[in-house]
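What follows is each chain in one-letter form.
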Amino acid sequence: MKAQIQAARRARKGIEEMRKRLLCPTPEAVSACAAPLTEAIRCMEVLQGDLREAALNHRGADRELSVEIIRLRKELSQANT
């Protein structure tokens with residue numbers, strides 16, 4: 001779970017940086033957003049699959065991982081806004 005938590009944190013920080021760049025949306029800033037957004041999407045897909053699998057196997061989801069996923073979703077939502 002520790003690697004998954006770190007991946008979620010990296011993705012969230014990438015989206016946070018992307019959101020800051022988009023406050024002054026130059027063509028360069030928009031172009032620089034593709035990689036962090038792609039990474040965040042990939043990370044969310046993997047983590048959601050892991051959480052579904054844990055639920056199906058009746059394992060409790062790690063609280064810290066759940067918190068990171070919530071933070072990542074919030075950051076993505078703010079970037080979308």
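Above: the structure in question.
Rules used throughout
- Residues numbered from 1 in each chain as written.
- Predicted model: local features only at pLDDT ≥ 70, side-chain atom pairs only at ≥ 80, totals over all residues.
- Heavy atoms only, no water.
- Helix = DSSP H or I, 4+ residues; strand = E, 2+ residues; numbered from the N terminus.
- Buried < 20%, exposed > 50% of the residue type's maximum accessible area, 1.4 Å probe, protein only.
- Contact = heavy atoms within 4.5 Å.
- Areas by Shrake-Rupley, 256 points an atom, 1.4 Å probe, with all protein chains shown as cover.
- Expected span 1.5 Å × (residues − 1).
- Arc of directions from axis to C-beta.
- Salt bridge = Lys/Arg side-chain N within 4 Å of Asp/Glu carboxyl O.

Asker: Whenever I open this one, the overall build of the protein confuses me. Can you help?
Answerer: Per the secondary structure count, the protein includes four helices and zero strands. Secondary structure elements of the protein occur, N-terminal to C-terminal, as α-α-α-α. The burial tally for the protein puts 28% of its 81 residues in the buried class. Taking the intrachain contacts of the protein between residues at least 6 apart in sequence as the baseline, contacts between residues at least 24 apart amount to 72%. Entry remark: accessible area of the protein is about 5,500 Å², with carbon and sulfur atoms responsible for 55%.

Asker: Help me understand helix α4 (residues 63–80) in this model?
Answerer: Residues spaced three or four apart along an α-helix point in a common direction, a consequence of the helix completing one turn every 3.6 residues. The terminal C-alpha atoms of α4, which comprises 18 residues, lie 26 Å apart, in line with the 26 Å expected from a rise of 1.5 Å per residue. Every buried residue of α4 is accounted for by Leu65, Glu68, Ile69, Leu72, Glu75 and Ala79. Buried residues of α4 fall within an arc of 125 degrees about the axis and therefore sit on the same side. In α4, the exposed positions angled more than 90 degrees off the buried face are occupied by Arg63, Ile70 and Lys74.

Asker: It is not clear to me how the pattern of salt bridges should be interpreted in this structure. Could you clarify?
Answerer: Pairs may arise between side chains of opposite charge once their charged atoms sit close together. One pass over the structure, following the stated rule, counts six salt bridges. Residue arginine 12 is joined to glutamate 68 by a salt bridge in which the shortest nitrogen-to-oxygen separation is 3.1 Å. Separated by 56 residues along the polypeptide, arginine 12 in helix α1 (residues 2–21) and glutamate 68 in helix α4 bring together distant segments of the chain. For the pair formed by arginine 12 and glutamate 68, the shared burial category is buried. Between lysine 20 and glutamate 16 there is a salt bridge whose closest N-O contact spans 3.6 Å. Of this pair, lysine 20 and glutamate 16 are both found in helix α1, four residues apart, which corresponds to roughly one turn of the helix. Accessibility expressed as a relative area gives 43% for lysine 20, which makes it partly exposed. In this structure, a network of salt bridges that share partners links the residues Arg9, Arg12, Glu68 and Arg71.

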